[in-house]
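# Fold and contact review
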Amino acid sequence: QVQLVESGGGLAQAGGSLGLSCAASGIIFSSNAMGWYRQAPGKQRELVARTTSGGSTNYADSVKGRFTISRDNAKNTVYLLMNSLKPEDTAVYYCAAGPRIIIGRPDYWGKGTLVTVSS
């Protein structure tokens, strides 16, 4: 059974930082692409960042230069460091996994963690 468990969400002020973690189990972590998506109220879920099994990364234009995705294959964990936060970053952030992330269709999802950025 695949499990993706996010942690680290919460409240931050605009201009501040937050870090998210996602611990994965039930998959061969090192062989899987991993990603972070987010869904703001009234909006569709969107890709924030993803990392391939080889460590390549991609970011949404809205977070480039502010967010950093990384992975620790020894810990089966993927991270998202969010700097220079903006109120528009407020959303539920979801961890995702699976080879189909590359085509925008993750195979597995976490339950999400709420990030709220106050102005």
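See the structure shown above.
Described below are features of the structure shown in this document. (Residues numbered from 1 in each chain as written. Predicted model: local features only at pLDDT ≥ 70, side-chain atom pairs only at ≥ 80, totals over all residues. Heavy atoms only, no water.)

### Brief notes about the overall build of the protein chain
Broken down by element type, the protein chain carries zero helices and eleven strands. The linear arrangement of helices and strands in the protein chain, starting from the amino end, is β-β-β-β-β-β-β-β-β-β-β. Over its C-alpha trace the protein chain gives a radius of gyration of 13 Å, about what one expects of a compact globule, namely 14 Å for 119 residues. Considering only C-alpha atoms, the protein chain reaches an extent of 40 × 25 × 25 Å along its principal axes. Counting across all 119 residues of the protein chain, residues that qualify as buried make up 39%. Within the protein chain, contacts between residues at least 6 apart in sequence are counted, and of these 56% link residues at least 24 apart. Considering the protein chain, the positive charge centre built from 12 side chains and the negative charge centre built from 7 side chains are found 3 Å apart. (Helix = DSSP H or I, 4+ residues; strand = E, 2+ residues; numbered from the N terminus. Rg over C-alpha atoms; globule rule 2.2 N^0.38 Å. Buried < 20%, exposed > 50% of the residue type's maximum accessible area, 1.4 Å probe, protein only. Contact = heavy atoms within 4.5 Å. Lys, Arg positive; Asp, Glu negative; His and termini not counted. Charge placed at Lys NZ, Arg CZ, Asp CG, Glu CD.)

### Describing the sheet that holds strand 7 (residues 67-72)
Within the open sheet, the four strands sit side by side as 1-3-8-7. Their pairing is antiparallel. The open sheet is flanked by strand 1 (3-7) and strand 7, the only strands paired with a single partner. Neighbouring strand axes in the sheet, compared pairwise and without regard to direction, differ in orientation by 15° on average. (Pairing = 2+ DSSP bridges. Axes fitted to C-alpha atoms, helices over the stretch in contact; angles between N-to-C directions.)

### Let's talk about the pairing of strand 4 (residues 34-39)
Within strand 4, five of the six residues are buried, which leaves it mostly tucked inside the rest of the structure. Both strand 4 and strand 5 (residues 46-51) contribute to a ladder of five bridges, which runs antiparallel. Its bridge partner being in strand 5, tyrosine 37 is matched across the sheet by leucine 47. When strand 4 meets strand 9 (residues 91-97), the two strands line up antiparallel, connected through six bridges. Paired with glycine 35 across the bridge in strand 9 is alanine 96.

### Some words on the state of the cysteines
Using the criterion set out here, one finds one disulfide in the structure. The partner cysteine of cysteine 22 in its disulfide is cysteine 95, sulfur to sulfur 2.1 Å. On the S-S bond that ties cysteine 22 to cysteine 95, the torsion sits near -80°, and the link is left-handed. On the criterion of sequence distance, the pair formed by cysteine 22 in strand 3 (residues 18-25) and cysteine 95 in strand 9 is long-range, its members being 73 residues apart. Each member of the pair cysteine 22 and cysteine 95 is classed as buried. (Disulfide = S-S within 2.5 Å.)

### Let's talk about the pattern of salt bridges
Two side chains of opposite charge can pair, provided their charged atoms sit close to one another. All chains considered together, the criterion is met by five salt bridges. With its nearest N and O atoms 2.8 Å apart, the salt bridge here joins arginine 66 to aspartate 89. Of this pair, arginine 66 sits in the loop between strand 6 (57-59) and strand 7 while aspartate 89 sits in the loop between strand 8 (77-82) and strand 9, and the two are 23 residues apart along the sequence. Both residues of the pair, arginine 66 and aspartate 89, belong to the buried class. (Salt bridge = Lys/Arg side-chain N within 4 Å of Asp/Glu carboxyl O.)

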